[in-house]
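# Remarks on the overall topology
Below, each chain spelled out in residue letters.
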Amino acid sequence: EPEVTQTPSHQVTQMGQEVILRCVPISNHLYFYWYRQILGQKVEFLVSFYNNEISEKSEIFDDQFSVERPDGSNFTLKIRSTKLEDSAMYFCASSEVGMNTEAFFGQGTRLTVV
Amino acid sequence: QKEVEQNSGPLSVPEGAIASLNCTYSDRGSQSFFWYRQYSGKSPELIMFIYSNGDKEDGRFTAQLNKASQYVSLLIRDSQPSDSATYLCAVKSSSGNTPLVFGKGTRLSVIA
């Protein structure tokens, strides 16, 4: 069964460092998303991406964040200068384009900023 | 601010019983409704989706939607210990590719 894959599964970084989280969406999906979940809290939307540009973004997705589709298969989330409060599970999701579509989630990357 | 509310639980049910999970949402224009299951430390896994008022059944799971009351529920029949997880209700404001708004989830514990 097709699945969304994310790497790495766990990333530890020092505050102020840049991190790149990687995702390979399901191959026939064209809509991509990043969500995050701080420990014990709800899943929060960060950004959606379609046709090589950001479709929507939340207020969480500030100038420290960026997304990119560097090639035909990968989708990345970059955090330029990590803060302690960026520590969370980051989930990539993808869906088909159109009406009544469902988003399928990757297994997540646990980011720990120390 | 679009909100999705769920009772955080834990909801404890004996094995074989029916578990009933509830969710309310604030955006009256919401169009698509999803239930995800999340085991501790894992990613959300889609269980069911519903778009129209009424009931939708899939195996042991039934989703119920009442748009007038802004209420969606999930029934799990013949609950098993493996159903023990956090159940996330998620809502989209349209039937297209808008992002999901999640509730905090209800933790379900099925006691053997």
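To keep things clear, this report deals only with the structure shown in the data block. (Residues numbered from 1 in each chain as written. Chains lettered and ligands numbered in written order. Predicted model: local features only at pLDDT ≥ 70, side-chain atom pairs only at ≥ 80, totals over all residues. Heavy atoms only, no water.)

Glancing now at the interface of chain B and chain A. Much of the literature gives interface size as the accessible area that the parts lose upon coming together. Of the residues lining the interface, 23 residues belong to chain B; the matching set on chain A comes to 26 residues. At the boundary of chain B with chain A, total buried surface from both sides reaches about 1,900 Å², with 52% on carbon and sulfur atoms. Summed over the shared surface of chain B and chain A, the number is one salt bridge. Our count for the chain B to chain A interface comes out at 11 residue pairs in polar contact (both at pLDDT 80 or more). Listing elements by their share of the side of chain B that touches chain A, those giving two or more residues are strand 4 (32-38), strand 5 (45-50) and strand 9 (85-92) of chain B. Among the elements that line the side of chain B that touches chain A, the one with the most residues is strand 4 of chain B, at four residues. (Contact = heavy atoms within 4.5 Å. Buried area = accessible area lost by both parts, 1.4 Å probe. Salt bridge = Lys/Arg side-chain N within 4 Å of Asp/Glu carboxyl O. Polar contact = N/O pair within 3.5 Å; in protein donor to acceptor, adjacent residues only side chain to side chain. Helix = DSSP H or I, 4+ residues; strand = E, 2+ residues; numbered from the N terminus.)

As a rule of thumb, non-glycine residues mostly have phi less than zero, and peptide bonds are mostly trans rather than cis. A cis geometry characterises the amide bond from threonine 7 of chain A onward to proline 8 of chain A, with omega recorded as -10°. With respect to the helices and strands, proline 8 of chain A occurs in the loop between strand 1 (5-7) and strand 2 (10-13). The linkage connecting glycine 9 of chain B with the following residue, proline 10 of chain B, adopts the cis geometry, with an omega of 10°. Examined against the element boundaries, proline 10 of chain B turns out to sit in the loop between strand 1 (4-5) and strand 2 (11-14). Of note, the phi angle at asparagine 51 of chain A is positive, near 55°, even though the residue is not glycine.

Interpretation note: all reported values are geometric properties and have no functional meaning in isolation.
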